[in-house]
Amino acid sequence: MTPYGLTTEQLTEPLGLGEPRPRLSWKLRSDRHGAAQSAYRITATVEGRLVWDSGRRDSDETLLIEWDGPALQSATRYQWRVETWDENGRPAGHAQSWFETGLLHREDWTAVWIGRDPVGLPMVDPPSDEERSFPDPALAPLYLRRSFEVAERPVRARLYATARGVYEPNLNGGRVGDLVLAPGWTEYHHRLQYQTYDVTEQVRVGTNEIGAIVADGWWSGHVGFDPSRPARHYGLAPAYLAQLVLDFADGSRRVIATDSTWQEGPGAIRAADLLMGEFVDARQSPQFRPVAELDREPGPLVAEPDRPIRVTADVPAVAVDGNIVDFGQNLTGRVRLRIRGARPGQRIVLRHAEVLDDGELYVANLRRARATDTYVCAGGDEELFEPRFTFHGFRYAEITGYPGEVTADDVTARVLHNDTPFTGTFTCSDPMVEQLQANIVWGQRGNFVAVPTDCPQRDERLGWLADAQVFAPTATRNADVSAFLARWMKDVVDGQDADGAFRDIAPVMVLDREGAPAWGDAGVIIPWLLWRTYGDRRTLERSFDAMAAWIGHIRRHNPDLLWRNRTGNSYGDWLQVDAETPRDVLSTAYFAYSTRIVADAADVLDRPSSEYRALHAAIKEKFIETYVGDDGSVEGGTQTAYLLALAFDLLPPDLVGPAVEHLAADVEKRGNRLTTGFVGVSLLCPVLTEHGRADLAYALLHQEEFPSWGYSIRHGATTIWERWDGWTEHGGFQSAAMNSFNHYSLGSVGEWLYGRVAGIDQAPGSVAYRELLLRPTPGGKLTWARAEQETVRGSVSCG
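The sections below set out a description of the structure shown in this document. (Residues numbered from 1 in each chain as written. Predicted model: local features only at pLDDT ≥ 70, side-chain atom pairs only at ≥ 80, totals over all residues. Heavy atoms only, no water.)

Notes on the sheet that holds strand 35 (residues 424–428)
Point 1. Pairing within the open sheet is antiparallel, and its three strands lie in the order 35-42-43. The open sheet has two edge strands, strand 35 and strand 43 (794–798), and neither has a second partner. Shown here is a sheet whose adjacent strand axes are inclined to one another by a mean of 5°, direction ignored.
Point 2. When strand 35 meets strand 42 (residues 785–791), the two strands line up antiparallel, connected through five bridges. Looking at the pairing, Thr427 lines up with Arg786 of strand 42. (Pairing = 2+ DSSP bridges. Helix = DSSP H or I, 4+ residues; strand = E, 2+ residues; numbered from the N terminus. Axes fitted to C-alpha atoms, helices over the stretch in contact; angles between N-to-C directions.)

Regarding the pairing of strand 11 (residues 142–150)
Point 1. Relative to strand 16 (residues 206–215), strand 11 runs antiparallel, the two being bridged by nine bridges. Within strand 16, the residue paired with Arg145 across the bridge is Gly211.
Point 2. With three bridges connecting them, strand 11 and strand 19 (residues 263–265) associate as antiparallel partners. By the bridge assignment, Tyr143 is partnered in strand 19 with Gly265.

Regarding the pairing of strand 12 (residues 156–164)
Point 1. With nine of nine residues buried, strand 12 is to be regarded as a mostly interior element.
Point 2. Because side chains alternate across strand 12, one face comprises the buried residues Arg156, Arg158, Tyr160, Thr162 and Arg164, and the other comprises Ala157, Leu159, Ala161 and Ala163, equally buried.
Point 3. Two elements, strand 12 and strand 17 (residues 239–247), share nine bridges in a ladder whose sense is antiparallel. Bridge pairing in strand 17 links Ala157 to Leu246.
Point 4. Pairing of strand 12 with strand 15 (residues 192–198) involves four bridges; the strand directions are antiparallel. (Buried < 20%, exposed > 50% of the residue type's maximum accessible area, 1.4 Å probe, protein only.)

Things to note about the sheet that holds strand 19
Point 1. Sheet architecture is open: six strands sit in the order 14-13-16-11-19-22, paired in antiparallel fashion. Of all strands in the sheet, those bounded by a partner on one side alone are strand 14 (174–175) and strand 22 (289–290).
Point 2. Here six bridges tie strand 13 (residues 166–171) to strand 16, and the two strands are oriented antiparallel to one another. Its bridge partner being in strand 16, Glu168 is matched across the sheet by Ile213.

Here's the deal with the packing of helix 7 (residues 537–557) against helix 8 (residues 583–604)
Angle between the axes and distance between the axes are the two parameters that describe a pair of packed helices.
Point 1. The geometry of helix 7 relative to helix 8 is characterised by a closest axis approach of 10 Å and an angle of 140° between their N-to-C directions. The angle between helix 7 and helix 8 falls in the class oblique. Pair helix 7 / helix 8 crosses with left-handed handedness. Note on element contacts: helix 8 touches helix 7 through Phe591, Ser594, Thr595, Ile597, Val598, Ala601, Ala602 and Val604, opposite Arg537, Leu540, Phe544, Met547, Ala548, Trp550, Ile551, Ile554 and Arg555.
Point 2. Its residues placed into classes, the contact of helix 7 with helix 8 shows 13 nonpolar, two polar and two charged. (Parallel < 35°, antiparallel > 145°, perpendicular 65-115°, else oblique. Left-handed = near helix turned anticlockwise from the far one by under 90°. Contact = heavy atoms within 4.5 Å. Nonpolar A, V, L, I, M, F, W, Y, C, P; charged D, E, K, R; others polar.)

A short note on helix 4 (residues 465–478)
Point 1. With 14 residues, helix 4 extends 19 Å from end C-alpha to end C-alpha; this agrees with the ideal 20 Å at 1.5 Å per step.
Point 2. At Ala472, helix 4 shows its maximal bend, which comes to roughly 55°, and the proline Pro473 appears one to four places after that position. (Expected span 1.5 Å × (residues − 1). Bend = angle between axes of the 7 residues up to and from the residue.)

Quick look at the pattern of salt bridges
Point 1. Scanning the entire structure with this criterion turns up 75 salt bridges.
Point 2. Note that Glu580 is salt-bridged to Arg583, the shortest N-O span being 3.1 Å.
Point 3. Judged by its relative accessible area of 39%, Arg583 falls in the partly exposed class.
Point 4. Taking the shortest distance from any N to any O, the salt bridge between Arg714 and Glu705 comes out at 3.6 Å.
Point 5. For Arg714, a relative accessible area of 36% puts it in the partly exposed group.
Point 6. Of the residues examined, Glu705 reaches a relative accessible area of 38% and is grouped as partly exposed.
Point 7. Where salt bridges share partners, they join Glu9, Glu19, Arg21, Arg23, Glu66, Asp536, Arg538 and Arg542 into one cluster. (Salt bridge = Lys/Arg side-chain N within 4 Å of Asp/Glu carboxyl O.)

Structure follows, in structure tokens:
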């Protein structure tokens, strides 16, 4: 029996950990049936010196064991080892790992914020038309540098860095690390993440030069659909904060920190914006001058607690038609272009789109986002262009101004997203269903960028709460999103208003209003999901007061227990088709559901739950009295109305069967077609299967006529569309005002593919897959199906 998959704070060998009491986990593997852990022991050392010994603990627990050794020291590497004993009490396997702390205390920081001094800016050429579309062409990204001397090689060198904006550090002419769009996006007024880099091998004896490029990013660039320059959200211009810590063999330490000795100047990147694109003039080189010291107080710095954004894959072009390149896959990222034989000053423009319209890029749905990258060539045999501080949602790229003909070998699409490890696969005998699963995964890749966004292409890209909560169960099947969602939950909680209302989005940048039903409820649903899926009690505990405040907010403004007041924008079952679920039916159902979760969470956390149990019972009684007929009908009569009542247990037992019959009848009378929108779609196949109508669930799965998953796939979809009618044969494109072709919400059926088709599920009451319920449901056209999932306790496969 061998421990494997050791993690600290749900991360593998994290560098720059900020949690003062980290949690340690491991998994077990054995080829012996019935093997089990009966005890464990954890030891930890620093440079060979024992600092913690848990002693032997009789326990089968392997998950999130909290550090209870001495207080952790900043910038220190801890080696830890776990030993296990098997079910017979005999010594079994052991394994080891490490984590390294970041800067844990305010006094560890000596750096000051630096940026551009607006006085005496060097003269630059007038901005071009392309540059004028950016937030402010005068505010080109910062190119920063500082030289320093080193007499001997350090034994250890760490760079701690962050930005107001997005940054890429460099040292001695080479890029530091492989992170993209660091430090990511958080509620900056509450938390600004810093990153830690091991640069020991990049420091050399003699003269060294450290630097960085810093662009607007989420701090001072275009974000969301606010047409104004969004400086009012965070700040007016980018800035940088960093310190390089060098440790030498004799025990001495030297710190090179950002201060007035650094220099800055605009360089080749003339403009960069997440929505608009990037403009690079390769003929330009920085003209350096002194920086301005901006703030001596570092602010609300926190170590990055989850996996960063990286380029995770390269996708080759599959076809080139004139100047339009097809990568065969809708994705999120940017294009890397090889240029040969260009003359100095030759301008190459790249435009991006998800789909084509009569052979041309369809860009109307991008709204204000220009998604255009421009490269002005330096001239020479070969140049390589890849933007650094923007990203686009696209399958197609139009390249104009290129010298000669573009070939497939000249272009590569580079996929970027938070580097959450993919842990699950689903395969089956039906190619269309396998394409559906692929579309779901690509939608997750494309929208887990800093926060769980709605879409990666248009002028929005916001952390919508309902989208996240309906898709989160599917996301946990495909990848380990434990740390990613736990970190984002801090933004959700920080965005809560004084009355207890969560918001529609997090971080809160636009739409500064109380969250709608099913949107604000994500603040309750996701912490509970992280507990059930990953055993993350800490996130549940840290979120609980906010969860309870949300229930208090709804109850206070709806004393009759029907949630009709203070419903925010009340989106209802967003983008439902040929149906209209009553908004108060949906909102009251979610009021009951969230109240029940808060009661369950209170029990887990050993807090009083009776108040919430009684409230839940009263809401359920009111729901039945107001919305449920004696024949099991639910007001509105829509698929989503029945799904909510059945999934959230809001019906008397004797009316469950009749309600299922009403639901089934609605599906059947439409020729086995769905009407559900964002909220109802995640419940559709699971509820039908749970209540003995897996045949209808499979009929919906295999449906290829509008509206269905299969309809979009039949028409070339490689990601999940925002709308069932994003494009139809009878209507063409839907309104460009809201028509994303990469929007994961309607892909929430993926959880059912894993859990009921292939059959990997948890037993009732199980936490973090401690007790498995394996129950595949053969049906439909499938002759076989199989899923594999690396859970937090180990590998599971079923089919």
